[in-house]
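Examination of the molecular architecture
Read off the chains here:
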Amino acid sequence: MTSVFQLYINGQFEAGAASFNSINPATGQVWAVMPEARTDEVNRAVDAAQQALSNLEWAGLTASQRGKLLYKLADLIEQAAPRLAEFETQDTGKIIRETSSQIAYVAQYYRYYAGVADKIQGSFIPVDKPDMQVWTVREPVGVIAAIVPWNSQLFLSAVKLGPALAAGCTVVLKASEEAPAPLLEFAKLVHAAGFPAGVVNIITGFAPECGAVLSSHPQVAHVAFTGGPETAKHIVKNSAENLAKVSLELGGKSPIIVFADADLQSAVNAQVAAIFAATGQSCVAGSRLLIEESIKDQFLEKLVERVQRIRIGLPEDHATEFGPLCTLRQREKIEQIVQVSVQQGAKLLTGGYAIAGDGFYYAPTILDCSAAPQAECITHELFGPVLSVDTFSTEQEAVQKANSTPYGLASGVFTQNLTRAHRMTKAIRAGIVWLNTYRAVSPLAPFGGYGISGHGREGGLDAVLDYTATKTVWLRTSDDPIDDPFVMR
Ligand code: NAD
């Protein structure tokens, strides 16, 4: 039976201006009908958020009461995690092993920001004027447009909604049109948690009539965007319309550097997780392996052997380790880049083909690019299960190759040498350096990129300040009359 989803605007569920089909990437078949928000729905959602901002049902809550609503939401997410995971798996093809553990952990993000809500403080400023008292307060910045890509939508929206709601903002969240099911289902939890109407609105739709209208809307104060760098350019252009603040979490071409002294088995497993977990559709995918020349053959032999044992299967099967890509378009792009890279001199070590059948599967692929360091697979983000390999002989060469990308989201370094590990953390230009591990996240730890991987940080304490505006209050404490109006105080 085909599932039917709804938009969530001003506390009501509704069908949208039109509808469109969502495909299950494992079967290539339609599994659900999605509601489409167009200009009218976007405008109503933003209006509702704007109204809710000053409505006392929300604006009149104490910070601790806002926190309490977030705690409630976290509990509901935990309870609903199996259902949400099933929807995410059907809509995106991401394996159930990952969706169920990731969604259960999403609750922790809301709990963390629930606890932060009543710790957002202003300060007292000891100004150089004896008859003045000056202090600052942190106020909600306004309506937030949160725009997310299709992968890990519950997680990527939690890092926006958690701090934004803790700060007292209201939100219009746009789910990706590629796989909106998990967020449209999540709307039911927002409703059940008891957030006043209009505080959180959840919509989906296409770029021109939904994403562009939302990000350029005059009542939007901050656009919190996660997606690709090309879309980000449109978002920045759109923000010229409303002069909204923009934070960007974009893609990556993250290096994993393995030194000869590393624990090789751990490094192999971490590399497999880095590029083949989530079928490589992860912003932090470790898609460039830089391996010390002296251990190249030994390491690649172990790596290829492990990759060829990856269990490919239906994403809803708990034994499956590797599922399909989210869309056919995505698979075609990967096929094309791999083909071009081989023509440019990259050598296929395993994979390199689409798996026959109705689903959008592409085999786990490793390309040795040591003879073709400018191959497309090494310079472009593929957002798929393709690892490019290159070598280095010295620490300086490793750093130079790691940094030879306009991206700078994540990186991994594998070595047992403590002093070298410290030098590497300083030398690598990326928002995250994982030492002897990869793909670990926590609500307490900031997350974000350098270069074209974006700016702004999500996660951690500071993220909440991004959703506040500082108001400075001046109080004159003297009872003497204000005398000369032409002298500045
Ligand atoms: P995308 O950029 O195509 O789409 C992201 C969102 O932007 C979608 O909701 C889409 O509808 C919307 N959008 C598209 N055009 C728009 C416009 N003109 N105005 C406003 N909104 C518009 O990304 P995708 O293909 O869904 O996801 C893959 C990309 O996301 C990859 O580059 C990946 O690295 C990146 N990503 C980054 C992070 C991170 O935290 N850094 C996390 C996950 C994914």
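This is a predicted model, so every value here is computed, not measured.

Quick look at the site of the ligand
- Taken together, 29 residues surround the ligand, and among them Val148, Glu177, Thr231, Leu250 and Glu381 come closest.
- Contact distances for the ligand include 2.8 Å between an oxygen atom and a side-chain N or O atom of Lys174.
- With respect to the ligand, the backbone of Gly227 contributes an N or O atom lying 3.4 Å from an oxygen atom.
- In isolation the ligand has 870 Å² of accessible area, and contact with the protein removes 88% of it.
- Elements supplying a minimum of two residues to the shell around the ligand: α7 (207-215), β11 (220-226) and α8 (229-242).
- Partitioned by chemical class, the residues of the shell around the ligand number 14 nonpolar, 11 polar and 4 charged.
- There are two domains that each give the shell around the ligand at least three residues, and those are domain 1 (3-251 + 453-474) and domain 2 (255-435).

Structural notes on the nonpolar core
- Formed by 64 residues in total, the largest nonpolar core has its most connected members in Leu73, Ile77, Tyr110, Leu165, Phe186, Phe195 and Ile202.
- Of all the secondary-structure elements, those providing two or more residues to this core are β5 (29-36), α3 (63-92), α4 (96-116), β8 (143-147), α5 (153-166), β9 (170-175), α6 (181-193) and β10 (200-204).
- Looking at this core, the element that brings in the most residues is α3, giving 11 residues.
- Beyond its immediate sequence surroundings of up to four residues, Tyr110 is in contact with Leu70, Leu73, Ala74, Ile77, Ser157, Ala158, Leu161, Gly162 and Phe186.
- Judged by nonpolar contacts, the second largest core, of 34 residues, contains Val258, Ile295, Val304 and Phe414.

Description of α5
- With 14 residues, α5 ought to run about 20 Å at 1.5 Å a step, and its terminal C-alpha atoms sit 19 Å apart, in line with that.
- When the local axis directions of α5 are compared, the greatest deviation, roughly 25°, occurs at Val159, which is followed within four positions by the proline Pro163.
- For α5, the tally of buried residues reaches 14 of 14 residues, placing the bulk of the element in the interior.
- Among the residues trailing α5, Gly168 stands out with phi positive, at a value near 95°.

A word on unusual backbone geometry
- Phi is positive for Asn10, which is not a glycine, with a value near 50°.
- Residue placement: Asn10 occurs in the loop between β2 (7-9) and β3 (12-14).
- Positive phi is not limited to glycine here, since Thr279 has a value of about 55°.
- With respect to the element layout, Thr279 can be found in the loop between α9 (264-276) and β14 (288-292).
- Of the residues examined, Thr279 reaches a relative accessible area of 4% and is grouped as buried.

Some remarks on the pattern of salt bridges
- Counting across every chain of the model gives 27 salt bridges.
- Across the salt bridge formed by Arg38 and Glu36, the nearest N and O atoms sit 3.0 Å from each other.
- Between Arg111 and Asp75 there is a salt bridge; the shortest N-O distance is 2.9 Å. Of the two residues, Arg111 sits in helix α4 while Asp75 sits in helix α3, which places them 36 residues apart along the sequence.
- Given a relative accessible area of 36%, Asp75 falls into the partly exposed group.

So, the sheet that holds strand β21 (residues 468-476)
- Judged by pairing direction, the sheet is antiparallel, and its 3 strands sit side by side in the order β6-β7-β21 without closing on themselves. Here the strands that pair on one side only, and so sit at the sheet edges, are β6 (124-125) and β21.
- Sheet topology places β6 next to strand β7 (residues 132-140); 2 bridges connect them, and they run antiparallel. Within β7, the residue paired with Phe124 across the bridge is Trp135.

Some words on the packing of α3 against α5
- Between α3 and α5, whose axes approach to 12 Å, the crossing angle comes to 170°. Relative to α5, the element α3 lies roughly antiparallel. Where α3 approaches α5, its residues Arg66, Leu70, Leu84 and Glu88 are matched on the opposing element by Gln153, Leu154, Gly162, Leu165 and Ala166.
- A per-class count over the contact of α3 with α5 returns 5 nonpolar, 2 polar and 2 charged.

Structural notes on the domain arrangement of the protein
- We note that the domain assignment places domain 1 (3-251 + 453-474) and domain 2 (255-435) within the protein.
- Placing a centre on the C-alpha atoms of domain 1 and another on those of domain 2 gives a separation of 31 Å.
- Listed per partner, the contact involves 24 residues of domain 1 and 31 residues of domain 2.
- Put simply, domain 1 and domain 2 have 1 salt bridge between them.
- With its nearest N and O atoms 2.3 Å apart, the salt bridge here joins Arg329 to Glu178.
- Taken together, the connections running from domain 1 to domain 2 amount to 8 residue pairs in polar contact (both at pLDDT 80 or more).
- Contributions of two or more residues to the side of domain 1 that touches domain 2 are made by α3 and α4.
- Counting residues per element, the side of domain 1 that touches domain 2 draws most heavily on α4, which supplies 4 residues.

Brief notes about the sheet that holds strand β1 (residues 3-4)
- An order of β1-β5-β4 is seen for the 3 strands of this open sheet, with the pairing classed as mixed. A strand with exactly one partner marks an edge of an open sheet, and here the two such strands are β1 and β4 (18-24).
- Of the pairings in the sheet, the one linking β4 to β5 comprises 7 bridges and is antiparallel in character. Each bridged residue has a counterpart across the sheet, and for Ile23 the counterpart in β5 is Val30.

Procedures and definitions
- Residues numbered from 1 in each chain as written.
- Predicted model: local features only at pLDDT ≥ 70, side-chain atom pairs only at ≥ 80, totals over all residues.
- Heavy atoms only, no water.
- Near = heavy atom within 4 Å.
- Polar contact = N/O pair within 3.5 Å; in protein donor to acceptor, adjacent residues only side chain to side chain.
- Areas by Shrake-Rupley, 256 points an atom, 1.4 Å probe, with all protein chains shown as cover.
- Helix = DSSP H or I, 4+ residues; strand = E, 2+ residues; numbered from the N terminus.
- Nonpolar A, V, L, I, M, F, W, Y, C, P; charged D, E, K, R; others polar.
- Domains from an automatic or database assignment.
- Core = buried A, V, L, I, M, F, W, Y, C linked by side-chain atoms within 4.5 Å.
- Buried < 20%, exposed > 50% of the residue type's maximum accessible area, 1.4 Å probe, protein only.
- Contact = heavy atoms within 4.5 Å.
- Expected span 1.5 Å × (residues − 1).
- Bend = angle between axes of the 7 residues up to and from the residue.
- Salt bridge = Lys/Arg side-chain N within 4 Å of Asp/Glu carboxyl O.
- Pairing = 2+ DSSP bridges.
- Axes fitted to C-alpha atoms, helices over the stretch in contact; angles between N-to-C directions.
- Parallel < 35°, antiparallel > 145°, perpendicular 65-115°, else oblique.

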